[in-house]
Amino acid sequence: MDIQHEHNSNKGRFFYEVDGIQKAEMTYSQAGTDKIIIDHTEVDESLKGQGIGYELVEASVAYARNHELKIVPLCPFAAAVFKKKSDYSDVLF
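Remember, it's a predicted structure, so these values are computed and weren't measured experimentally.

What counts and what doesn't
Residues numbered from 1 in each chain as written. Predicted model: local features only at pLDDT ≥ 70, side-chain atom pairs only at ≥ 80, totals over all residues. Heavy atoms only, no water. Pairing = 2+ DSSP bridges. Helix = DSSP H or I, 4+ residues; strand = E, 2+ residues; numbered from the N terminus. Axes fitted to C-alpha atoms, helices over the stretch in contact; angles between N-to-C directions. Salt bridge = Lys/Arg side-chain N within 4 Å of Asp/Glu carboxyl O. Buried < 20%, exposed > 50% of the residue type's maximum accessible area, 1.4 Å probe, protein only.

### Thoughts on the sheet that holds strand β2 (residues 11-18)
Next up, step 1: As summarised here, the arrangement of the five strands in space is β1-β2-β3-β4-β5, forming an open sheet in which the pairing is mixed. Pairing within the sheet leaves two strands with one partner each, and these edge strands are β1 (4-8) and β5 (70-73). With strand direction ignored, the average angle separating the axes of adjacent strands in the sheet is 25 degrees.
Next up, step 2: Two strands pair when backbone bridges link them, and β2 and strand β3 (residues 21-31) are joined in this way by eight bridges, in the antiparallel orientation.

### Some details on the pattern of salt bridges
Next up, step 1: Per the counting criterion, the structure on display carries four salt bridges.
Next up, step 2: Here Asp34 and Lys35 are joined by a salt bridge, their closest N and O atoms 3.5 Å apart.
Next up, step 3: Its relative accessible area of 39% is what places Asp34 among the partly exposed residues.
Next up, step 4: A salt bridge links Arg65 to Asp90; the shortest N-O distance between them is 2.9 Å. Here Asp90 lies in the segment after α2 (76-84) and Arg65 lies in helix α1 (residues 52-66), a separation of 25 residues in the sequence.

### Details of unusual backbone geometry
Next up, step 1: You will see that Ser9, though not glycine, has its phi angle at about 55 degrees, which is positive.
Next up, step 2: Here Ser9 lies in the loop between β1 and β2.
Next up, step 3: The phi torsion at Glu68 lies on the positive side, around 55 degrees, for a residue other than glycine.
Next up, step 4: Classification of Glu68 as exposed rests on a relative accessible area of 71%.

Structure below.
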């Protein structure tokens, strides 16, 4: 699965496309120099139950680790994933 990432100024997103059409997206805002706030996750109905949302969160965790950032998961989905995955605690703010 190819999760893509875009970062512009103080906002960014992780997303997944099928045949050039965006089917899933997780957005975030930069909060200072040391953290990002995940504010929204959305997955197309056609992909529900396939773990795409989890893949988006995993991509954000990898990004945070690579850039020494912490994550504030305001999005209810992301917050639920962080509660389930204790191995993400190193990046949780």
